[in-house]
Amino acid sequence: MKALGIDVGSLTTKAVLLQDGQVLSSSVVLSSDTADLSARSAAEQALHRVGLGLDDEVYVTTTGAGGRSVSFRHQQKAITTCLARGICHLFPSARMAIDMGAESMTIIKVNDRGRLCDWANQDKCAAGTGVFLQQMAKLLQVPLEEMAALSLQARARADISATCAVFAESEVISHVHRVPPTPKEEIAAGIFLSVAHRVMALCKRIGIEKEVAVTGGVALNSGLVSILQEEMGFDLLVPEAPQGVAALGAAIVARESIEGGTG
Amino acid sequence: MTSSVTKPNTIDAILRACRLMLKMIGARPEPRRSEELYYRMLGDYYTRLLKAPETGDFVAAHTVFFPSELLYAMDILPMHMETTAWMTALFLSDYAALLSAGAELGLKSEICSPHRGLAGAFSSRALPRPNVILWSNMVCDNTAKSGELLMKITGCPGFFLDHPFQQTEPETAYLVGELEDMVHFLEDHSGKRMDWDRLAEVVAETDRQVELLRQINTLRQAVPSPFSPQGFLELLTIDYLFAGRPEATEYLETLCHELTEAVRQGKGAVAHERFRLMTLFLPPMYLMGFLERISQEYGAVSVTEPFFCSWGQGRLDPSKPLESVAWKSFMRPEMRMYGALDDRALGEIAESARQSKIDGAVYYADVGCRHTCATIKLFKDVLDDMDIPVLTLDCDVVDPTVTSEEEIREKLERFFELMEDR
């Protein structure tokens, strides 16, 4: 039996298929209106790539914002548990992971056995999340993908609030419209710095412990990761596919269930 | 100072809820006798309050951790204000209306919600006007300020009981002096005299109750724990509302007997006990039904609440009734959060965790209570050193707009997974 992990996020849904501890295939799809449809689409894509379908022998573990709503799941697990499994599989030396998703931020701490020991999350405010960065890119009239490169050219960083997405937005507007306008690269760097401050504050709630990995779609932003590293004062571990770590963790949990006889 | 909206009588609604609970308990195949006694007591307490205008009972509205023994000894009817506020949230899910009435008075959301709600309840006449207001600085400065506002809203005379922070000889003597002053105040306003023999009897009853509470606390440490997952709230209510009342002793004796029997049979309160928890501070009252259900679903039981159930050492002496009332206030579990949280207090938390063999602790961080939230790190550090995970749940004890049931469920489930995974 194969192990399939699905992370149903608010913006994208990720699926990872495992066999004998190896990733057979994976997929990322845009989340649709219903979690069930998103999960089905991601699962079918990942399975199709290796000539399988949902009718084949596959044990499904779901996680993420919509994980509970997936009708064909065998098991649902918390995002924190799956992140811990996923990050320890990729980086056994990691003791902490910062997961920056589309609409939330979660910090986890893991012990030397790769088990979750604490977490902190913020899901009340958009500041520091993927949708916040999307909105900021829109205000700057720069594609989000280019914001990272832009920020790396900055010689200074614009002062942007770290505490509230609405305040940050009005500050960015004021930087754009002042005479002369603040250079876009400085605004981009300022936005990333505000996110980094927010991440640091959340990390400090549970205590920073090296080594630290970054996951989630926002971790694909090299400009933000670079500033975050600077603020942390050490290098961060960045997986090749940071957005798929929770799905990978879910697949590992699925595999454990198969091996433990519950699958 | 009245609200533009007049609410239906809250006490009448609490009474209806008590009657309904009694019906439901009666319909169970194996009703818990102590639970039945509990709701009967609550029903009787609120019936007397409801009928006070007809019977002419003198009603003293008072804040939490107040020595109601003195009121019972003077045949004065107590009205525990915070508990009544919690009951409103617990049974009626209608606390938002009282908070709105409080907001109309200009009370900001940063102020402790039970106190905002109380002001709203009196101004909208959801609570009947008492004869006097009694309040103290136990256990925070919200309480200390609340009484003045309630006096203004209700137009009632009031007495502020200044409670010392530490238990030293001079401070105990000071508290006894304060209690004497309060007795004089009550005598002046109610026309009733303190019956000192009666107070001695009430103190003897309270002494027995404290002993029973200690025994119950010990019984709850058994594995599996025999008392219902959120049952400790019953124990709080018993002391808050019925200290020194014979019916409370009957309840506690019955409960003690039931728990002893359950421990003897190895019978736990949940079908399969998986997680033994320490509860720090008060869970949201409007989610009690949900918390009970999820506790049953996951086999999670609160087995210790150091701030609510771990009574200090000592006995009361009926021959020194006023002094005993003062001593009791220092023996209260809540005294651990009053004044400095020193190594002794933190050590007691660690000891409580050890004795109760807990797997984790849930810290209900009431966003309106800055005093308690300031302690999160302290407790977390103590328990971290013992390798005990702590879940901090941001919530409000009565205001349902702060955290939803869904959010709490998600965080609790994550926490259960964390404990299971260790």
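Our structure is the block above this text.
Calculation rules
Residues numbered from 1 in each chain as written. Chains lettered and ligands numbered in written order. Predicted model: local features only at pLDDT ≥ 70, side-chain atom pairs only at ≥ 80, totals over all residues. Heavy atoms only, no water. Helix = DSSP H or I, 4+ residues; strand = E, 2+ residues; numbered from the N terminus. Rg over C-alpha atoms; globule rule 2.2 N^0.38 Å. Buried < 20%, exposed > 50% of the residue type's maximum accessible area, 1.4 Å probe, protein only. Contact = heavy atoms within 4.5 Å. Areas by Shrake-Rupley, 256 points an atom, 1.4 Å probe, with all protein chains shown as cover. Lys, Arg positive; Asp, Glu negative; His and termini not counted. Charge placed at Lys NZ, Arg CZ, Asp CG, Glu CD. Buried area = accessible area lost by both parts, 1.4 Å probe. Salt bridge = Lys/Arg side-chain N within 4 Å of Asp/Glu carboxyl O. Polar contact = N/O pair within 3.5 Å; in protein donor to acceptor, adjacent residues only side chain to side chain. Pairing = 2+ DSSP bridges. Axes fitted to C-alpha atoms, helices over the stretch in contact; angles between N-to-C directions. Core = buried A, V, L, I, M, F, W, Y, C linked by side-chain atoms within 4.5 Å. Domains from an automatic or database assignment. Expected span 1.5 Å × (residues − 1).

### Structural notes on the overall build of chain A
- Check the secondary structure of chain A and you find eight helices and nine strands.
- Computed over the C-alpha atoms, the radius of gyration of chain A is 19 Å, within 12% of the 18 Å expected from 2.2 N^0.38 for a compact globule of 263 residues.
- Projected onto its principal axes, the C-alpha coordinates of chain A cover approximately 65 × 40 × 30 Å.
- For chain A, the residues scored as buried account for 54% of the 263 residues in total.
- The contacts in chain A between residues at least 6 apart in sequence include a share of 65% that link residues at least 24 apart.
- Just so you have it, chain A exposes about 11400 Å², and 49% of that area is on carbon and sulfur atoms.
- Looking at chain A, you have 23 positive and 28 negative side-chain charges, and the mean spots of the two groups are 5 Å apart.

### Comments concerning unusual backbone geometry
- The peptide bond linking valine 179 of chain A to proline 180 of chain A adopts the cis configuration, its omega dihedral lying at -10 degrees.
- Relative to the elements of secondary structure, proline 180 of chain A occurs in the loop between α5 (165-177) and α6 (184-206).
- A cis amide bond links valine 223 of chain B to the next residue, proline 224 of chain B, at an omega of -5 degrees.
- Within the chain, aspartate 20 of chain A stands out as a residue other than glycine whose phi angle is a positive 50 degrees.
- The exposure class of aspartate 20 of chain A is exposed, given its relative accessible area of 72%.
- Positive phi, close to 55 degrees, is recorded for glutamine 141 of chain A, a residue that is not glycine.
- Tracing the chain through its elements places glutamine 141 of chain A in the loop between α3 (130-140) and α4 (144-152).

### Remarks on the interface of chain A and chain B
- Facing 19 residues of chain A, the contacting portion of chain B comprises 15 residues.
- Roughly 1500 Å² of surface becomes buried between chain A and chain B when both sides are summed, with 38% attributable to carbon and sulfur atoms.
- Summed over the shared surface of chain A and chain B, the number is four salt bridges.
- A salt bridge links aspartate 118 of chain A to lysine 380 of chain B; the nearest nitrogen and oxygen atoms lie 2.7 Å apart.
- Linking chain A to chain B there are six residue pairs in polar contact (both at pLDDT 80 or more).

### Observations regarding the sheet that holds strand β1 (residues 59-62) of chain B
Residue and element names in this part refer to chain B.
- Pairing is parallel in the open sheet, where four strands are placed in the order β2-β1-β3-β4. Where the open sheet ends on each side, the last strands, each with one partner, are β2 (77-80) and β4 (158-161). Put simply, the sheet's adjacent strands are angled 25 degrees from each other on average, direction ignored.
- Inspection of the sheet shows strand β3 (residues 132-136) paired to β4 by four bridges, in the parallel sense. Paired with isoleucine 133 across the two strands is glycine 158, which belongs to β4.

### Re the nonpolar core
- Core analysis: the biggest nonpolar cluster contains 163 residues, and Leu42, Tyr46, Leu134, Tyr251 and Leu412 of chain B have the highest contact counts within it.
- Taken together, domain 1 (1-91 + 242-263) and domain 2 (94-238) of chain A each give at least three residues to this core, which thus spans both.
- In contact with leucine 134 of chain B, not counting residues within four places along its chain, are Ala60, Ala61, His62, Thr63, Phe66, Leu71, Met81, Phe159, Met182, Phe185 and Leu186 of chain B.

### Here's the deal with the side chain of threonine 84 of chain B
- The residue threonine 84 of chain B is located in helix α4 (residues 81-92) in this model.
- Given a relative accessible area of 1%, threonine 84 of chain B falls into the buried group.

### Remarks on the pairing of strand β4 (residues 58-63) of chain A
Residues and elements named next belong to chain A.
- With respect to burial, β4 is a largely interior element, six of its six residues being buried.
- Residues Val58, Val60 and Thr62 line one face of β4 and the alternating positions Tyr59, Thr61 and Thr63 line the opposite face, and both faces are buried.
- The pairing of strand β1 (residues 2-8) with β4 spans six bridges and is parallel. When the bridges of β4 are listed, lysine 2 appears paired with valine 58.
- Of the pairings in the sheet, the one linking β4 to strand β5 (residues 75-76) comprises two bridges and is parallel in character. Note that in β5 the partner of threonine 61 across the bridge is glutamine 75.

### Remarks on helix α2 (residues 79-90) of chain A
Residue and element names in this part refer to chain A.
- With twelve residues, α2 extends 16 Å from end C-alpha to end C-alpha; this agrees with the ideal 16 Å at 1.5 Å per step.
- Burial analysis of α2 places ten of its twelve residues in the buried class, which makes it a mostly covered element.
- Every buried residue belonging to α2 is among Ile79, Thr80, Thr81, Cys82, Leu83, Ala84, Arg85, Gly86, Ile87 and Cys88, and all of these are buried.

### What to know about the environment of threonine 84 of chain B
- Sequence spacing of threonine 84 of chain B and aspartate 181 of chain B is 97 residues, and the spatial spacing of their C-alpha atoms is 26 Å.
- Ignoring sequence-local partners within four residues, the contact set of threonine 84 of chain B consists of Ile14, Tyr46, Met79 and Leu127 of chain B.

### What about the pattern of salt bridges?
- If you walk through the whole model with that rule in mind, you get 38 salt bridges over all chains.
- One salt bridge in this structure joins glutamate 209 of chain A and lysine 109 of chain A, with 3.5 Å as the shortest N-O distance. With glutamate 209 of chain A in the loop between α6 and β9 (212-215) and lysine 109 of chain A in strand β7 (residues 105-110), the pair connects residues that are 100 residues apart, well separated along the chain.
- Two residues, arginine 276 of chain B and glutamate 273 of chain B, come together in a salt bridge whose shortest N-O distance is 2.8 Å.

### Here we look at the pairing of strand β2 (residues 12-19) of chain A
Residue and element names in this part refer to chain A.
- Counting buried positions along β2 gives six out of eight residues, so the element sits mostly inside the fold.
- Between the antiparallel neighbours β1 and β2 lie three residues.
- Here β2 runs beside strand β3 (residues 22-30); their pairing, made up of eight bridges, is antiparallel. Looking across to β3, one finds that leucine 18 is bridged to valine 23.
- Hairpin connection of β2 to β3: two residues between the antiparallel strands, including aspartate 20 at a positive phi of 50 degrees.

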